[in-house]
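Observations on chain architecture
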Amino acid sequence: MLPFLVRRLLSAIVTLALATGVVFIAIHLLPGDPVAIMLGDQAGSDPVAVARVRAQLGLDLPLGTQFTHWAGALAHGDLGVSLRTGEPVVDELMRRIPRSLELIGAGLLVAVLFGVPLGVIAARARGRLAGLAASVLAVAGFSAPVFVLGILLVLVFSLGLGWLPSSGFVPFADDPVQHCLSLVLPALTIGLNFMGVIARMTRASLADVMGRDYVKLARAKGLPRGKAIFRHALPNALVPVIAIVGIRAGNLLGGTVIIEALFDWPGLSSLLVSAAFSRDYPVIQGALLAIFAIFILISLVIDLAQGLVDPRIRRPSA
Amino acid sequence: MIAFLRNRTGGLSVPIALGFLTLVVLAAVFGPALGLLDPYQIDAANLLSSPTAQHWLGTDELGRDLLSRAVYGARVSLTVAAAAVLLAGLLGVTVGVGVAFLGRRAEAAAIRVVDVFVSLPEIFVALVVLAFIGGNLPTLVATIGILYAPQFARVTWGVARGIRAREHVLAASSLGAGNGWIIWHEVLPNMRSIIAVQASFTFSFAMLLEAGLSFLGLGVRPPVPSWGQMVGSLKDYLFTNPWPVLVPALALFFTVLAVNVLGDWLQDVLNPELQQ
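Residues numbered from 1 in each chain as written. Chains lettered and ligands numbered in written order. Predicted model: local features only at pLDDT ≥ 70, side-chain atom pairs only at ≥ 80, totals over all residues.

It is worth spelling out the overall build of chain B at this point. Along chain B, the regular secondary structure elements total 11 helices and 0 strands. Tracing chain B from N to C terminus, the helices and strands come up as α-α-α-α-α-α-α-α-α-α-α. Dimensions of chain B, computed from C-alpha atoms along their principal axes, come out at roughly 75 × 50 × 30 Å. Every one of the 276 residues in chain B was classed for burial, and the buried ones make up 46%. (Helix = DSSP H or I, 4+ residues; strand = E, 2+ residues; numbered from the N terminus. Buried ≥ 20, exposed ≤ 12 C-beta atoms within 10 Å, placed from the backbone.)

Here it is as structure tokens:
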């Protein structure tokens, strides 16, 4: 297990470093001067003032030097300060990372709680109405753009029933109940969207496992169908389901961009969007780094979970 | 025809999806000739209205006709998606097939780079690029097309490698056929179905990405409508009248659903051995 872990960790670090380097170079090559935006229309048109601020921020140095400085500071846990607010980027990230993780975690929970049973129904009741309904529900959840799903949920649960707040964020320390209530709709939106992916995989994988010899044997020796599914087939069928969570982790994270905007959830994605609009380089880099790190962390956890469940994956040749 | 379209699991879903998509495409293509109201005409007396005799699908926050804006929005959404798929396909297939004919070392290195890009969530890169450059049709197409090219490369690389190792291709190669000849006469004709399926999935991804970006205000500039952008601005009036936002939202939803249903069907028909 240990060499497998080390190998995965190393490859995760290489991926993160590669992604960070590409992002750093790309955003500096894109047109648009943050200093001109910072200074506003009047001072922004004065070349002397712009040059002075650029020098202060180190933006006049060659790109390679800027990257070395940034990477060097990063090694000391320093991501620079926001060009807009002057606040350390790390502080802002530390505030927002838990909120984004909370949203993703709650969404994933919803997706699994709804997706796996739906997949089982779709596989068991193949060709019957319940199976068809489950399949349709899965494709619908997966095809609905996240904001459409979110708006429909707001219409039903906020506007229609008045049970839940339509948007906003309340810190847990201020009011735990309101905090959890404000989490429900964003998490449901992410979860119901991702549910389709999980349900489809569960159905396909279960159908495959049900045809294997050991399940046929279990049935042949007289085990009821339900028991054969839940005791023998489902645990094995879940291995590819765990894998698909890792493969589609990008969709899960990408969904938060829309969700955070729709529900005013102050996480990493909304930080990235506002920083991108004002070309706040340090914040953009910091937010992207944090998002990629979360993404790689999810893939890593998924790989480890698979390695734990299925020993065959741990071998280097597999 | 209907019987042929009826697949094992979907029943009538394939013909319905095909019919709906045909309708949307026809509306988008012939939109200006349909005699609709001007999609930019502001009607201050009818803000955020539900369907009326004059405005069949209601109006938006400036009183503009939602039916004609939805039809013009379809033009933007479908054009961006189609052009992005074309670009992603051209780039991706070129890279994917090219990589399969590189030497072993270079092949491994190149596919590792492609893998990094396949796994990165596209929307984060796209939103930074568009916030910097500004949203317009060519930038949207280029950004979305480039971001989905690695997926095409990944898929076609695998298939090209398989075809290259087949006996009759090895025989052709040992008889002196060059790589160019093999790619043109053996590899590309044999991966048409894979490319078609990948294109159909990429089409729905591209539509969703464009809609998401436009929803955030990063797509085409107002007043030009796109479905995502209409949802983005109308969602603020949800509590005034929930009807208007549903028009572009459901148009987008049903179109993507139809594309996905057809994609699944295409997958079943063209590559029955590839059941996931």
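That was the structure; now back to the text.
This paragraph deals with the interface of chain B and chain A. With 33 residues of chain B in contact, the opposing surface of chain A contributes 36 residues. For the side of chain B that touches chain A, the elements supplying multiple residues, two or more each, are α4 (104-119), α5 (122-133), α9 (192-215) and α11 (243-270) of chain B. Within the side of chain B that touches chain A, the residues separate by chemical class into 26 nonpolar, 5 polar and 2 charged. (Contact = placed C-beta atoms within 7 Å. Nonpolar A, V, L, I, M, F, W, Y, C, P; charged D, E, K, R; others polar.)

Moving on, we come to the packing of helix α5 (residues 89-124) of chain A against helix α12 (residues 268-277) of chain A. Residues and elements named next belong to chain A. At a closest axis distance of 8 Å, the pairing of α5 and α12 adopts a crossing angle of 130 degrees. For the element pair α5 / α12, the angle class is oblique. Across the interface between the two elements, Glu 92, Arg 96, Ile 97 and Ser 100 from α5 touch Leu 268, Ser 269 and Leu 271 from α12. Among the residues making up the contact of α5 with α12, the classes are represented as 3 nonpolar, 2 polar and 2 charged. (Axes fitted to C-alpha atoms, helices over the stretch in contact; angles between N-to-C directions. Parallel < 35°, antiparallel > 145°, perpendicular 65-115°, else oblique.)

Residue and element names in this part refer to chain A. Although it is not a glycine, Asp 264 sits at a positive phi angle of roughly 50 degrees. Among the residues examined, Asp 264 registers 14 C-beta atoms within 10 Å and is labelled partly exposed. Even without glycine at this site, Arg 279 takes up a positive phi of about 50 degrees. Note on Arg 279: 22 C-beta atoms within 10 Å, which makes it buried.

Judged by nonpolar contacts, the single largest core of 162 residues is most densely connected at A:Leu272, B:Leu127 and B:Ala206. Among the elements that make up this core, the one with the highest residue count is helix α3 (residues 66-100) of chain B (18 residues). The residues touching B:Leu127, leaving out its near neighbours within four places in the chain, are A:Val257, A:Val273, A:Ala276, B:Leu213, B:Leu216 and B:Leu218. (Core = buried A, V, L, I, M, F, W, Y, C linked by C-beta atoms within 7 Å.)

Glancing now at the packing of helix α2 (residues 13-30) of chain B against α11(B). All names here are of chain B. Running from N to C, α2 and α11 point in directions that differ by 130 degrees, and their axes come no closer than 9 Å. As judged from the angle between their axes, α2 and α11 are oblique. Between α2 and α11 lies a crossing whose hand is left-handed. Contacts between α2 and α11 involve Ser 13, Val 14, Ala 17, Leu 18, Phe 20, Leu 21 and Val 24 from the former and Phe 254, Thr 255, Ala 258, Val 259, Val 261, Leu 262 and Trp 265 from the latter. Within the contact of α2 with α11, the residues separate by chemical class into 12 nonpolar, 2 polar and no charged. (Left-handed = near helix turned anticlockwise from the far one by under 90°.)

These values are about where atoms sit, not about what they do.
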